[in-house]
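# Geometric and topological summary
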Amino acid sequence: QVRLVESGGGLVQAGGSLRLSCAASGRTFSRYGMGWFRQAPGKEREFVAAINWSGGSTYYADSVKGRFTISRDNAKNTVYLQMNSLKPEETAVYYCAIGDGSSWDAGEYNYWGQGTQVTVSS
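Here is a short report on the structure shown in this document. (Residues numbered from 1 in each chain as written. Predicted model: local features only at pLDDT ≥ 70, side-chain atom pairs only at ≥ 80, totals over all residues. Heavy atoms only, no water.)

## With respect to the packing of aromatic side chains
Inspection of every chain in the model, using the stated rule, returns four aromatic pairs. Consider the rings of F37 and Y109, whose centres lie 5.1 Å apart with planes at 75°: the pair is edge-to-face. Here Y109 lies in strand 10 (residues 109–112) and F37 lies in strand 4 (residues 33–39), a separation of 72 residues in the sequence. When its relative accessible area of 1% is taken as the criterion, F37 is described as buried. (Phe/Tyr/Trp six-rings, centres within 6.5 Å; stacked < 30°, edge-to-face > 60°. Helix = DSSP H or I, 4+ residues; strand = E, 2+ residues; numbered from the N terminus. Buried < 20%, exposed > 50% of the residue type's maximum accessible area, 1.4 Å probe, protein only.)

## Remarks on the side chain of E90
Among the secondary structure elements, E90 is positioned in the loop between strand 8 (78–83) and strand 9 (92–99). Leaving out residues up to four positions away in the same chain, E90 has contacts with R38, S63, V64, R67, F68, S85 and V118. (Contact = heavy atoms within 4.5 Å.)

## A short note on the nonpolar core
Formed by 33 residues in total, the largest nonpolar core has its most connected members in W36, L81, M83 and Y94. Elements with a minimum of two residues in this core: strand 1 (2–7), strand 3 (18–26), strand 4, strand 5 (46–51), strand 7 (68–73), strand 8, strand 9 and strand 11 (116–121). Not counting residues within four places of it along the chain, the set of residues in contact with Y94 comprises E6, L20, W36, F37, R38, V48, F68, L81, M83, G115, T116 and V118. (Core = buried A, V, L, I, M, F, W, Y, C linked by side-chain atoms within 4.5 Å.)

## A look at unusual backbone geometry
For N77, which is not a glycine, the phi torsion comes out positive at approximately 50°. Relative to the helices and strands, N77 resides in the loop between strand 7 and strand 8. The backbone of S85 sits at a positive phi, close to 50°, despite the residue not being glycine. For S85, the position within the fold is in the loop between strand 8 and strand 9.

## Overview of the environment of A49
Note that A49 resides in strand 5. Considered as a pair, A49 and G35 are 14 residues apart in the sequence and their alpha carbons are 5.6 Å apart. Leave out the neighbours within four places in its chain, and A49 touches M34, G35, W36, Y59, Y60, I70 and L81.

## Points about the pairing of strand 3
Of the strand pairs in this sheet, strand 1 and strand 3 are connected by six bridges, and their pairing is antiparallel. By the bridge assignment for strand 3, L4 is matched with A24. Pairing of strand 3 with strand 8, which is carried by six bridges, proceeds in the antiparallel orientation. Bridge pairing in strand 8 links A23 to T78. (Pairing = 2+ DSSP bridges.)

This is the structure we're talking about:
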């Protein structure tokens with residue numbers, strides 16, 4: 001009943017920035033937490049950032065602290081991930097998910113988008 005569609009991915013040079021968006025439709029998610037994960041080919045899914053239902057609390061993987069910012073606009077049913085100073089090793093498919101909103105564990109999230117490709121060139 002819930003659909004998540006990521007957008008905003010693309011090709012960027014190392015040190016550049018991208019802003020990802022995740023638009024939700026169907027069942028309301030205003031009181032659900034949301035998270036961003038990424039997965040590179042041949043590697044496991046990795047936690048990036050999370051935000052609680054109100055947007056008042058955010059959580060980040062240590063590797064992205066100070067560079068990435070997660071935010072949400074519940075009126076638009078949209079979550080964002082602003083990514084600055086991107087590194088080549090961060091090339092991956094980035095996924096938006098609904099769930100715990102404070103956990104690094106992908107198992108704590110119930111709904112997932114299709115993902116958007118982010119490629120960071122060196």
